[in-house]
Amino acid sequence: MAITADHIRITLTIYLDAHPEEKPDLAPVLDLLDTGGDITSRTEFRGHATVGAILADTDGRILHIHHRALDTWLLPGGHLETEDTSLLDVALRELAEETGIPADAVTPAEEHPIHIDVHPIPANDAKGEPDHQHFDFRFLFRTTTDVRQLQTEEVTDATWRKLDSLGDATLRQRIAVALR
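Attention shifts here to the overall build of the protein chain. Of the regular secondary structure elements, the protein chain holds four helices and eight strands. Going from the N terminus to the C terminus, the protein chain shows its helices and strands as α-α-β-β-β-β-α-β-β-β-β-α. Here the C-alpha radius of gyration of the protein chain, 16 Å, is about what a compact globule of 180 residues would show, namely 16 Å. With respect to the three principal axes, the spread of C-alpha positions in the protein chain is 45 × 40 × 30 Å. Counting over 180 residues, the protein chain shows a buried share of 44%. By sequence separation, contacts in the protein chain at least 24 residues apart represent 67% of the contacts at least 6 residues apart.

In the Ramachandran plot, D71 falls in the positive-phi region, its phi being about 50° despite a non-glycine side chain. Locating D71 in the fold gives a position in the loop between strand 2 (62-67) and strand 3 (72-74). Using a relative accessible area of 58% as the deciding quantity, one classes D71 as exposed.

To continue, consider the packing of aromatic side chains. In total, this model carries zero aromatic pairs according to the counting rule given. One cation-aromatic arrangement involves R161 over W73; the distance from NZ or CZ to the ring centre is 4.7 Å.

Burial analysis of strand 2 places six of its six residues in the buried class, the great majority of the element. Every second residue of strand 2 is oriented toward a common face, with I62, H64 and H66 on one face and L63, I65 and H67 on the other, all of them buried. Bridge count for strand 2 against strand 8 (residues 155-161) is six bridges, and the pairing is antiparallel. Pairing of H67 across the sheet is with V155, part of strand 8. Two elements, strand 2 and strand 3, share three bridges in a ladder whose sense is antiparallel. The partner of H67 across the bridge, within strand 3, is T72. Taken together, strand 2 and the strand that follows it, strand 3, pair antiparallel across an intervening segment of four residues, in which D71 is found at a positive phi of about 50°.

To continue, consider the nonpolar core. With 32 residues, the main nonpolar core has I8, F137 and F141 as its most contacted residues. Every element with two or more residues in this core is listed here: helix 1 (5-18), helix 2 (27-34), strand 1 (48-56), helix 3 (87-99) and strand 7 (132-143). Tallying contributions element by element places helix 3 first for this core, with six residues. Apart from residues lying up to four places away in sequence, F141 is in contact with A53, I54, L55, A56, L88, A91, L92, V106, T107, P108 and A109.

Analysis parameters
Residues numbered from 1 in each chain as written. Predicted model: local features only at pLDDT ≥ 70, side-chain atom pairs only at ≥ 80, totals over all residues. Heavy atoms only, no water. Helix = DSSP H or I, 4+ residues; strand = E, 2+ residues; numbered from the N terminus. Rg over C-alpha atoms; globule rule 2.2 N^0.38 Å. Buried < 20%, exposed > 50% of the residue type's maximum accessible area, 1.4 Å probe, protein only. Contact = heavy atoms within 4.5 Å. Phe/Tyr/Trp six-rings, centres within 6.5 Å; stacked < 30°, edge-to-face > 60°. Lys NZ or Arg CZ within 6 Å of the ring centre and 35° of its normal. Pairing = 2+ DSSP bridges. Core = buried A, V, L, I, M, F, W, Y, C linked by side-chain atoms within 4.5 Å.

Laid out in structure tokens, this is it:
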């Protein structure tokens, strides 16, 4: 069964119960849910859900991938597919697709996102996509394995970086606490 708006709303509610100070930042997500926007669809260009996998190794370093289309270093992740059943499953699927690291080689730090980020995505004329927003539900995982095979259609490289290389201070702090 595909991910529903209710699943996203429940996940968001649990997250905001733990982090109520973020409600203003996540207002665009709540507004779209409240007005019937289908944020599970990547064709909802007011904004749609994506999922990120934050993967930490035994030294506390975080895996980054170099995204071909955006030509920048990012955390693994991507869009929801119709066969996905939960946001956590999307994170595991995207991690495996982009890095070759299978789900059974990682352990979720918890079953809920450690962070939710709203960020702009530039227009992609090749895909016919205008500027839009991603509502990125980020899950933290641990592993003792390394990258196996990159998805070269989307990813050009992968590297492990120290936690302090992440630009978002809130995300860095939450990961540091979770990895203790």
